[in-house]
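Here's the letter readout for the chains.
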Amino acid sequence: MKLRELLNGIYVIKSNVDMEMDIHNVCYDSRKVGAGDLFVAVTGFVTDGNRYIPMAFQKGAVAVVTAVEPAEEIPYILVDSDRLALALLGKNYYGDPAADMKIIGVTGTNGKTSTTLLLKHVLENTVGAKVGLMGTMENMIGDVRTEASRTTPESFELYGLLRQMRDAGCTHVVMEVSSHAVALDRIAGLHFAAGAFTNLTEDHLDFHKTMENYCDAKAELFARCDSATGNCDDPWFQRMFTKTVCPVLSISTKKEADLYARDISLPADGVCFTAVCGEEEAEVRVIIPGLFTVYNVLTVLGIAHNLGIPLQKAAEALKTAKSVKGRVEVVPTPGKDYTVIIDYAHTPDGLENVLTLLKSICKGRLIAVFGCGGDRDPVKRPIMGKIGTDMADIAIITSDNPRTEEPMSIIRQIVAGVEKNNYKIVENRPEAITMAMDIAQKDDIIVLAGKGHETYQEICGVKYHLDEREIVAEQL
């Protein structure tokens, strides 16, 4: 591809290269650069891509895109934002694949994964769409699954994945949109047929610093949408949509809204309610328990409505939806009279939600095994410590993904918020799970919170295999 074609839509401040030169590939990782490639020097959190420009040229790069004018005599293109340039380069390199599909983005602190998976199911079973999905758990092209490294891929990979989806015949793409993805231009150049906001609670303040900044970052998604669905029971709803110009469909479980739930029933094996949208009504039944499921389902119904799918048709499709791995997932414990549940709850709100749900159906004691991730918002650690110990009968505080932090340092910060003496500290997560099973009695519920669908644990920057389902099976 010609360099001129790759730079289409990118504001170039200055350059000293031939715009008609042929570019073989685009790379922002100097280790992957090959002959004839264009290197993009991205300024990151850990390191600055500009440091690796010499390496990129040694490996065969023919020019560099950078937001810092090089001091040395090399072929370069100077841009205002290296991250924005990387996204638009991806869009051009892969032939703007999103233009041929309907893109739907879901943002919020909790509920994104369940919402996107349920929406994929609805689209497949109402309009017969082949649906691509990008999310925390995995990426999917129809039924083909691939591992996801982050909630929203880096922009160049995102456009590459969109190209694969388009080439495979996808007509719709449902994606989780993180606040980082918006703030770091990972979704730059994308336009969304529909967007949705689930909720906003304490998370990622290590990056955004304040809840207001966190909200405003997510709100940027809706400047790129043709329509929006939002949870008006959430206190951040008004701020989230203050500057939104597209139509916003409000959802609620507490009051009448554009779309709301009436006659809510929360049995142990799912949720039942009547969905009301203007003159339309539909009976809804989904086999995923908890009030948060009602909100997720309303969000799905709202998006479907904005895409022109009748309420009754979407509700009918949801009756055959399956539970989501790692979200209130019951682990088989044959021969035992207690229950083990795995849930991805890794925020204060997520932990409170799952403990509230399980406490309402628990006939024995509620035993919570949880920790907090390293290299993430430390402010939530004592908050989760208090929630976990206040709401559970017994809490076992352990490691989640310590990443590059010292595990016991994280645990001490969790314990700083604890006011009750009903907890034990077991740094090693498999040992913590084993302890919970050893002390469990008849009718107890053990909830393993934080890991959910993940099958690894990251300690000192190294990922180790850790599947909590396997640990439970081994202990049995």
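Residues numbered from 1 in each chain as written. Predicted model: local features only at pLDDT ≥ 70, side-chain atom pairs only at ≥ 80, totals over all residues. Heavy atoms only, no water.

When its secondary structure is counted, the protein chain shows 16 helices and 24 strands. For the protein chain, the C-alpha radius of gyration of 24 Å lies close to 23 Å, the compact-globule estimate for 476 residues. In terms of overall dimensions, the protein chain has C-alpha extents of about 75 × 55 × 40 Å along its principal axes. Looking at the protein chain residue by residue over its 476 residues, the buried ones come to 58%. Within the protein chain, residue pairs in contact and separated by at least 24 positions form 65% of the contacts whose partners lie at least 6 positions apart. As presented, the protein chain carries roughly 19,600 Å² of accessible surface, and 50% of it is formed by carbon and sulfur atoms. Mean positive and mean negative side-chain charge positions of the protein chain (49 and 65 charges, respectively) differ by 2 Å. (Helix = DSSP H or I, 4+ residues; strand = E, 2+ residues; numbered from the N terminus. Rg over C-alpha atoms; globule rule 2.2 N^0.38 Å. Buried < 20%, exposed > 50% of the residue type's maximum accessible area, 1.4 Å probe, protein only. Contact = heavy atoms within 4.5 Å. Areas by Shrake-Rupley, 256 points an atom, 1.4 Å probe, with all protein chains shown as cover. Lys, Arg positive; Asp, Glu negative; His and termini not counted. Charge placed at Lys NZ, Arg CZ, Asp CG, Glu CD.)

For an α-helix, 3.6 residues make a turn, and residues three or four places apart therefore share a direction. The terminal C-alpha atoms of helix α12 (residues 348-361), which comprises 14 residues, lie 20 Å apart, in line with the 20 Å expected from a rise of 1.5 Å per residue. Where the residues of α12 are buried, they touch α10 (291-306), β18 (339-343), β19 (366-370), α13 (380-391) and β22 (445-449). (Expected span 1.5 Å × (residues − 1).)

A word on the sheet that holds strand β7 (residues 131-134). Ordered in space as β9-β8-β7-β10-β6-β11-β12-β13-β14-β15-β16, the 11 strands form an open sheet in which the pairing is mixed. At either end of the open sheet lies a strand with only one pairing partner, and these are β9 (144-147) and β16 (280-286). Ignoring which end each strand starts from, the neighbouring axes of this sheet average 20 degrees apart. Here strand β13 (residues 248-252) runs beside strand β14 (residues 259-265); their pairing, made up of two bridges, is parallel. From the neighbouring strand, I251 faces β14, where its bridge partner is L259. The sheet strands contacting helix α11 (residues 311-318) are β14, β15 (271-277) and β16, and the helix crosses β16 at an angle near 10 degrees. (Pairing = 2+ DSSP bridges. Axes fitted to C-alpha atoms, helices over the stretch in contact; angles between N-to-C directions.)

With that settled, the discussion passes to the pattern of salt bridges. One pass over the full model with this rule turns up 25 salt bridges. The shortest N-O distance in the salt bridge between E138 and R145 comes to 2.5 Å. Among the residues examined, E138 registers a relative accessible area of 13% and is labelled buried. Accessibility expressed as a relative area gives 54% for R145, which makes it exposed. (Salt bridge = Lys/Arg side-chain N within 4 Å of Asp/Glu carboxyl O.)

Attention now moves to the pairing of β15. The element β15 is largely enclosed, with a buried count of six among its seven residues. Taken together, the four bridges between β14 and β15 define a ladder with antiparallel strand orientation. Bridge pairing in β15 links S265 to C272. Hairpin connection between β14 and β15: a loop of five residues separates the two successive antiparallel strands, and G270 in this loop has a positive phi of roughly 160 degrees. Sheet topology note: the β15/β16 ladder contains seven bridges and is antiparallel. Residue pairing across strands places T274 opposite E283, the latter belonging to β16.

Note on soluble globular proteins: their nonpolar side chains tend to be buried together. Counting 41 residues, the largest nonpolar core has L123, L259, F273 and L301 as the members making the most contacts within it. With residues up to four places along the chain from it excluded, the contact list for L259 reads L249, S250, I251, S252, A275, V276, C277, L298, L301, G302 and L311. Listed in part, the 39 residues of the second largest apolar core include C170, A181, F222 and W236. (Core = buried A, V, L, I, M, F, W, Y, C linked by side-chain atoms within 4.5 Å.)

To continue, consider the state of the cysteines. The full count for this structure, using the stated rule, is zero disulfides. Cysteine C215 is unpaired, with the sulfur of C225 as its nearest cysteine sulfur at 14 Å. Free of any disulfide, C372 has its nearest cysteine sulfur in C460, 18 Å distant. Looking at C372, the relative accessible area reads 4%, which means it is buried. (Disulfide = S-S within 2.5 Å.)

Interaxial distance between helix α4 (residues 112-126) and α10 falls to 9 Å at its minimum, and their mutual angle equals 45 degrees. As summarised for this structure, α4 and α10 are arranged oblique, according to the angle between their axes. Both α4 and α10 take part in a crossing whose hand is right-handed. Note on element contacts: α10 touches α4 through N296, V297, T299, V300, I303 and A304, opposite S114, T115, L118, L119 and V122. Split by residue class, the contact of α4 with α10 holds seven nonpolar, four polar and no charged. (Parallel < 35°, antiparallel > 145°, perpendicular 65-115°, else oblique. Left-handed = near helix turned anticlockwise from the far one by under 90°. Nonpolar A, V, L, I, M, F, W, Y, C, P; charged D, E, K, R; others polar.)

Let us look at the sheet that holds strand β17 (residues 329-331). Sheet architecture is open: six strands sit in the order β17-β18-β22-β19-β20-β21, paired in mixed fashion. Single-partner strands in this sheet number two, and they are β17 and β21 (423-425). Averaged over neighbouring strand pairs, the angle between their axes works out to 20 degrees when direction is ignored. Where β19 meets strand β20 (residues 394-397), four bridges bridge the pair, whose relative direction is parallel.

Quick look at a nonpolar patch on the surface now. On the surface, I264, L266 and L291 cluster together into a nonpolar patch covering about 220 Å² of accessible area. Along the chain, I264 turns up in strand β14. (Patch = residues over 30% accessible without salt bridge, like charges linked within 9 Å, V, L, I, M, F, W, Y side chains within 5 Å.)

Running from amino to carboxyl end, helix α3 (residues 82-93) crosses helix α5 (residues 155-167) at an angle of 20 degrees, the nearest separation of the two axes being 8 Å. Taken as axis vectors, α3 and α5 run roughly parallel relative to one another. Crossing hand, α3 versus α5: right-handed. Contacts between α3 and α5 involve R83, L86, A87, L89, G90, K91 and Y93 from the first element and S155, F156 and Y159 from the second. Considered class by class, the residues forming the contact of α3 with α5 number six nonpolar, two polar and two charged.

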